[in-house]
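# Reading the structure
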Amino acid sequence: MAIDIKKADQIYRVSRWSDGYYQIGENGNLHVCSNHSGNSKEQAQDGIDIRAVIEEAKSNEIRFPMVLRFHDVLRDKVVTINETFNRTIKEYNYQGKFCGVYPIKVNQMREVVEEIVDAGKPYGFGLEAGSKAELLSALAYNTNRGSLTILNGYKDEEYIRLALLGIKMKRNIVFVVEKFSELENLIKISKEVGVEPTIGIRLRMMIKARGRWQSSSGIRAKFGLGIAEVLNAIKLLEQEGLSHCFSLLHFHIGSQLTDIRSIKEAVSEAGRIYAKLRHKGLPIEYIDVGGGLGVDYDGSKSTSDSSKNYSLEEYVADVVDGLQQICDLESVPHPNIVTESGRALTAHHSCLIMPVVGEINPSAVKHQFESPKKEHILVQNMRELLTIIKQKRNLQETFNDAVQIQEDSVSAFKLGILSLEEMAEIETLYWRVIKRINNGLNDGKFHSDELDKVESLLSSQYLCNFSVFQSAADSWAIDQVLPIVPISRLNEQPTKHCSLVDITCDSDGKIDKFIGEHGIESTLPLHPLKDGEDYYLGVFLTGAYQDVMGDMHNLFGRVNEVHVFKSDSEPEGFYIEEVVLGSTAKTVLSTMQYNADFMARRVKRLIDKNISKGEIGPREGVRLVDFYEKCLASYTYLGSNEAGG
Ligand code: PLP
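All values derive from a computational prediction rather than experimental measurement.

### Re the overall build of the protein
Per the secondary structure count, the protein includes 24 helices and 23 strands. Each principal axis of the C-alpha distribution contributes one length, and for the protein these read about 100 × 75 × 55 Å. Within the protein, the proportion of its 645 residues that are buried is 54%. A fraction of 75% describes how many contacts in the protein between residues 6 or more apart in sequence connect residues 24 or more apart. As displayed, the protein offers around 29,100 Å² of accessible surface, 50% of which is attributable to carbon and sulfur atoms. Across the protein, the 74 positively charged side chains and the 90 negatively charged ones have centroids separated by 3 Å.

Here it is as structure tokens:
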């Protein structure tokens, strides 16, 4: 049945979570729109048809699952955050500048870092590193003149020496001291090297943020210096004649801040500390408000863990206005503002495309049973429930009886009382009863939790060619809800209610929390699969953390990546600039200390032995060896036999 695309938008809440970057086109396909104008109609027409991108990738023999990276979306995000700060600063007549940095850890892919640095060039946008490896990357890739390189994370001597090398290279590097002993080390090593460091101090904030990462703040937080330690640090800097190096005050109260009040309170606390330190004569130029700018994954605009109750504009206004008010009251200069937003910058730019490769639904299996003259009593009892339910018997009572008979039949089978055929008949009848109960539930009456779950008992599980652990780690680890939408057929009524399972051998490899029309639901409305027709689902907002955090459960490795750019001169409005092939079996095996060449040699030797014993023919033996080697060089997911594809 055909539906209006507006209805599909309601079902999948696309316009609520997508921030204008994804829209349903008139042809029922999902489109990506990189210009953040907010004019939905125009955007969908100008946008790139995601199905067309998939078809082109397929014609280039790129296999599924694949990540699509929309670089224009990433660029647009960088521009939007910078422009919003600059506009607000001007509107408020704020005297400081905006000097944003991108925290590499949120998505360390070189192409992502390079794109952000490039898009941020006109704004002097910088990078943040939280480890030695990230610092190595920042030193090579933060090429924007005058931009900051902020160094967070615990630092050992090598990290400090590497950063001092950066200062020698005339990079604008700020060491953010996370704990007191780091400052002592920094002073000692920088004196040895003969380079003066620019120093930031991370505050251990007193306010406790709300949200999933609230433990990053509060007096028991892992990072930062409490007020007493800050004063000790200042004393040490004075003793060493280095107080003029104290240039930045940092805080980070957690990622995905869901409530704007946490941000207001944090700005007010840090602003006051800044003012008091300025009064003490410390020449602090920057306040770094860290990350935390949230993403509305479920589109509810609420304080739920997967949402946020504020817009980018409101966030920026609260930071600028909050600092300005305190500084004016305390008569201190307005500091330059640094943000380390990562999630909000990167989440929207990539999505995972996975094909549905099968359907699992125990309730749909039918058993053709020839009734024996005398049915077992348990079979009879289950069959009777079908008649009883027609006579409008209480649904709960029927459900209880069905479950009881089902459980009794398992015990009877274990004792050898029931045959396989009888078990099959009971199973088939059980599902028929459950379906009838479900049909009776649309009576508008109150039902128990158990009965409310009957619909999901009957739902299908769509088997998707991907690994939750590799591509949607937070969905498994912390119940992060990610929007999932079919890429096409969005002008067709989705008639099935499904949960999703992946191809790992792990019952946790599933997704059963979805953004629904009425909030978070345990099933997602999807279309019935058609023979010979591919059906693709997109998992969206995966650009922050998900893309890079995955693990190799079952040795499913990194997935293929397709980098897409908008181009008005191309017939379909886009071109694929680069393909980054995912891991082969060989690569993932080598990370676990296997040696693929050795394995191939050993398998060959074993097959040779079989040949010499006459168990395998020589021709077949050669074919088997070739096939084994081909599999070593193949993509780790279903349906492939070539490297990375
Ligand atoms: N800065 C620091 C110090 C962090 O620990 C984090 C992440 O938790 C970020 C920035 C990035 O935060 P977000 O991705 O929420 O913007």
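### Concerning the packing of aromatic side chains
For the coordinates displayed, the defined rule picks out 14 aromatic pairs. Consider the rings of Trp17 and Tyr22, whose centres lie 5.9 Å apart with planes at 40°: the pair is tilted. Owing to a relative accessible area of 1%, Trp17 belongs among the buried residues under this scheme. Residue Tyr22 is classed as buried on the basis of its relative accessible area of 0%. Taken together, the ring pairs connect Trp17, Tyr22, Phe70 and Phe540 into an aromatic cluster. One cation-aromatic arrangement involves Lys155 over Tyr159; the distance from NZ or CZ to the ring centre is 5.8 Å.

### Some details on the nonpolar core
Ile50, Leu68, Ile353, Leu500 and Phe540 are the most contacted members of the largest nonpolar core, which has 149 residues in total. Element by element, the count of residues in this core is highest for helix α11 (residues 260-279), at nine residues. Each residue touching Ile50, except ones within four places of it in the same chain, is listed here: Tyr22, Leu30, His31, Val32, Leu68, Phe70, Ile353, Ile487 and Phe540. Ranked by size, the runner-up nonpolar core spans 24 residues in total, among them Ile389, Leu395, Ile405 and Leu418.

### Here's the deal with the sheet that holds strand β1 (residues 22-24)
Consider a sheet: its strands pair through backbone hydrogen bonds, and that pairing is either parallel or antiparallel. As summarised here, the arrangement of the three strands in space is β1-β2-β3, forming an open sheet in which the pairing is antiparallel. Each of the sheet's edge strands pairs with one partner strand only, and the pair in question is β1 and β3 (48-49). As paired strands, β1 and strand β2 (residues 30-32) are joined by three bridges and run antiparallel to one another. Counterpart to Gln23 in the pairing with β2 is His31.

### Looking at the confidence of the model for the protein
For the protein, the average pLDDT comes to 92, and 95% of its residues sit at 70 or higher. Considering only residues more than four positions removed or in separate chains, one finds that residues 37-44, a stretch of pLDDT under 50, has 13 contacts. Within the model, pLDDT remains below 50 along residues 641-645, and this stretch shows 23 contacts once partners closer than five positions in the same chain are excluded.

### Thoughts on the domain arrangement of the protein
Domain annotation of the protein identifies domain 1 (362-454) and domain 2 (587-632). The gap between the C-alpha centroids of domain 1 and domain 2 is 50 Å.

### Quick look at the packing of helix α5 (residues 71-91) against helix α6 (residues 110-119)
Orientation of α5 relative to α6, taken along the N-to-C sense of each, is 45°, at an axis distance of 9 Å. By the angle between their directions, the pair α5 and α6 is classed as oblique. Two packed elements cross with a definite hand, and for α5 against α6 that hand is right-handed. In contact with His71, Leu74, Arg75 and Val78 of α5, α6 contributes Glu111, Val112, Glu115, Ile116, Asp118 and Ala119. Its residues assigned to classes, the contact of α5 with α6 shows five nonpolar, one polar and four charged.

### Some thoughts on the site of the ligand
Near the ligand there are 15 residues, and of these Lys105, Ser255, Glu340, Gly342 and Tyr545 occur at the shortest range. Between the ligand and the protein, one listed contact pairs an oxygen atom with a backbone N or O atom of Gly342 at 2.8 Å. If the ligand stood free it would expose 400 Å²; the protein chains cover 91% of that surface. The residue makeup of the shell around the ligand, split by class, is three nonpolar, eight polar and four charged.

### Section: the state of the cysteines
Inspection of every chain in the model, using the stated rule, returns zero disulfides. Summary of cysteine pairing: Cys464 is not part of a disulfide, and the nearest cysteine sulfur, belonging to Cys498, is at 9.0 Å. No disulfide involves Cys505; its sulfur sits 16 Å from the nearest other cysteine sulfur, which is in Cys464. We classify Cys505 as exposed; its relative accessible area is 73%.

### Here we look at helix α7 (residues 132-141)
Three or more residues of α7 are buried, namely Glu134, Leu135, Ala138 and Leu139. Projected down its long axis, α7 carries its buried residues within an arc of 140°, all on one side.

### Quick word on the pattern of salt bridges
Tallying each qualifying case throughout the model produces 32 salt bridges. With its nearest N and O atoms 3.0 Å apart, the salt bridge here joins Glu55 to Arg51. Note that Glu55 and Arg51 are positioned in helix α4 (residues 50-59) at a spacing of four residues, about one turn of the helix. Relative accessible area serves as the criterion here: at 31%, Glu55 is assigned to the partly exposed category. Each of Arg51, Glu55, Lys58 and Asp534 takes part in one network of salt bridges that share partners.

### Considerations on helix α14 (residues 377-390)
Structural remark: α-helix, 3.6 residues per turn; residues separated by three or four positions point the same way. For α14, built from 14 residues, the straight-helix expectation of 20 Å at 1.5 Å per residue is met to within 8% by its first-to-last C-alpha distance of 20 Å. In this fold, the buried residues of α14 make contact with α15 (395-414) and α16 (420-440). Directly beyond the C-terminal end of α14, a positive phi value near 60° is found at Lys392.

### Section: a positive patch on the surface
Together, Arg601, Arg602, Arg605, Lys609 and Lys613 make up a region of like positive charge exposed at the surface. Look at Arg602 and you get partly exposed, because its relative accessible area is 45%.

### A short note on the packing of helix α23 (residues 596-612) against helix α24 (residues 618-632)
Contact pair α23 / α24: the axes reach a minimum separation of 10 Å and the direction vectors enclose 165°. Regarding the angle of α23 to α24, the classification is roughly antiparallel. Seen from above, α23 lies across α24 with right-handed handedness. Here Ala596, Met599, Ala600, Val603, Lys604, Ile607 and Ile611 of α23 come into contact with α24, specifically with Pro618, Gly621, Leu624, Val625, Tyr628, Glu629 and Leu632. Partitioned by chemical class, the residues of the contact of α23 with α24 number 11 nonpolar, one polar and two charged.

Conventions used here
Residues numbered from 1 in each chain as written. Predicted model: local features only at pLDDT ≥ 70, side-chain atom pairs only at ≥ 80, totals over all residues. Heavy atoms only, no water. Helix = DSSP H or I, 4+ residues; strand = E, 2+ residues; numbered from the N terminus. Buried < 20%, exposed > 50% of the residue type's maximum accessible area, 1.4 Å probe, protein only. Contact = heavy atoms within 4.5 Å. Areas by Shrake-Rupley, 256 points an atom, 1.4 Å probe, with all protein chains shown as cover. Lys, Arg positive; Asp, Glu negative; His and termini not counted. Charge placed at Lys NZ, Arg CZ, Asp CG, Glu CD. Phe/Tyr/Trp six-rings, centres within 6.5 Å; stacked < 30°, edge-to-face > 60°. Lys NZ or Arg CZ within 6 Å of the ring centre and 35° of its normal. Core = buried A, V, L, I, M, F, W, Y, C linked by side-chain atoms within 4.5 Å. Pairing = 2+ DSSP bridges. pLDDT = per-residue confidence, 0-100. Domains from an automatic or database assignment. Axes fitted to C-alpha atoms, helices over the stretch in contact; angles between N-to-C directions. Parallel < 35°, antiparallel > 145°, perpendicular 65-115°, else oblique. Left-handed = near helix turned anticlockwise from the far one by under 90°. Nonpolar A, V, L, I, M, F, W, Y, C, P; charged D, E, K, R; others polar. Near = heavy atom within 4 Å. Polar contact = N/O pair within 3.5 Å; in protein donor to acceptor, adjacent residues only side chain to side chain. Disulfide = S-S within 2.5 Å. Arc of directions from axis to C-beta. Salt bridge = Lys/Arg side-chain N within 4 Å of Asp/Glu carboxyl O. Expected span 1.5 Å × (residues − 1). Patch = residues over 30% accessible without salt bridge, like charges linked within 9 Å, V, L, I, M, F, W, Y side chains within 5 Å.

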